[in-house]
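Next come the chains, spelled out residue by residue.
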Amino acid sequence: MSLSTRQQIRTLIRGRRQAISSDQQIRYSNELVERAKQLPELSRAKKIALYLATDGELDAQPMIEWCWQQGIDIYLP
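Per an unreviewed UniProt entry, the protein goes by the name 5-formyltetrahydrofolate cyclo-ligase and belongs to Vibrio variabilis.

In this fold, S29 is placed in helix α2 (residues 22-37). Overall, the relative accessible area of 3% leaves S29 in the buried class. When sequence neighbours within four positions are dropped, the list of residues in contact with S29 reads L58, D59 and P62.

Attention now goes to the nonpolar core. In this structure, L42, I48, M63, W66 and C67 are the most contacted members of the largest nonpolar core, which totals 13 residues. Contributing elements (two or more residues each) for this core: α2 and α4 (61-69). Looking at this core element by element, the count peaks at 4 residues for α4.

Turning to the side chain of Q25, a few remarks are in order. For Q25, the position within the fold is in helix α2. With residues up to four places along the chain from it excluded, the contact list for Q25 reads R17, I20, G56, E57, L58 and D59.

What counts and what doesn't
- Each chain has its residues counted from 1, following the order in which its sequence is written.
- The predicted origin of the model limits local features to residues at a pLDDT of at least 70 and limits the giving and counting of side-chain atom pairs to 80 or more, whereas totals for whole chains, interfaces and linings rest on all residues.
- Think of the side-chain values as coming from all heavy atoms in the structure, minus any hydrogens and water.
- The helix count covers DSSP runs of H or I at least four residues long, the strand count covers runs of E at least two residues long, and both are numbered beginning at the N terminus.
- To sort residues, take the accessible area from a 1.4 Å probe on protein chains only and compare it with the maximum for the residue type: under 20% means buried, over 50% means exposed, and anything in between is partly exposed.
- It only takes one pair of heavy atoms within 4.5 Å for two residues to be counted as in contact.
- The nonpolar core is taken to be a set of buried Ala, Val, Leu, Ile, Met, Phe, Trp, Tyr and Cys residues, with the residues joined through side-chain atoms within 4.5 Å.

Written out as structure tokens, the structure is:
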């Protein structure tokens, strides 16, 4: 994949992320937590890495808070 194609894909995805409304962002972030809770790997986890959202990415804060409630350590870049 050429550098120009990669950049075009990134631009397209960024535009789609930024087109999601605030209400949708909140709903999707909460759905992420609900789906993640169902993962057996997460129930056994002691530590996980997440990110702090930028540029229209899903807000990981609900996931971070749930992990803290479960005693799971969070690592951020």
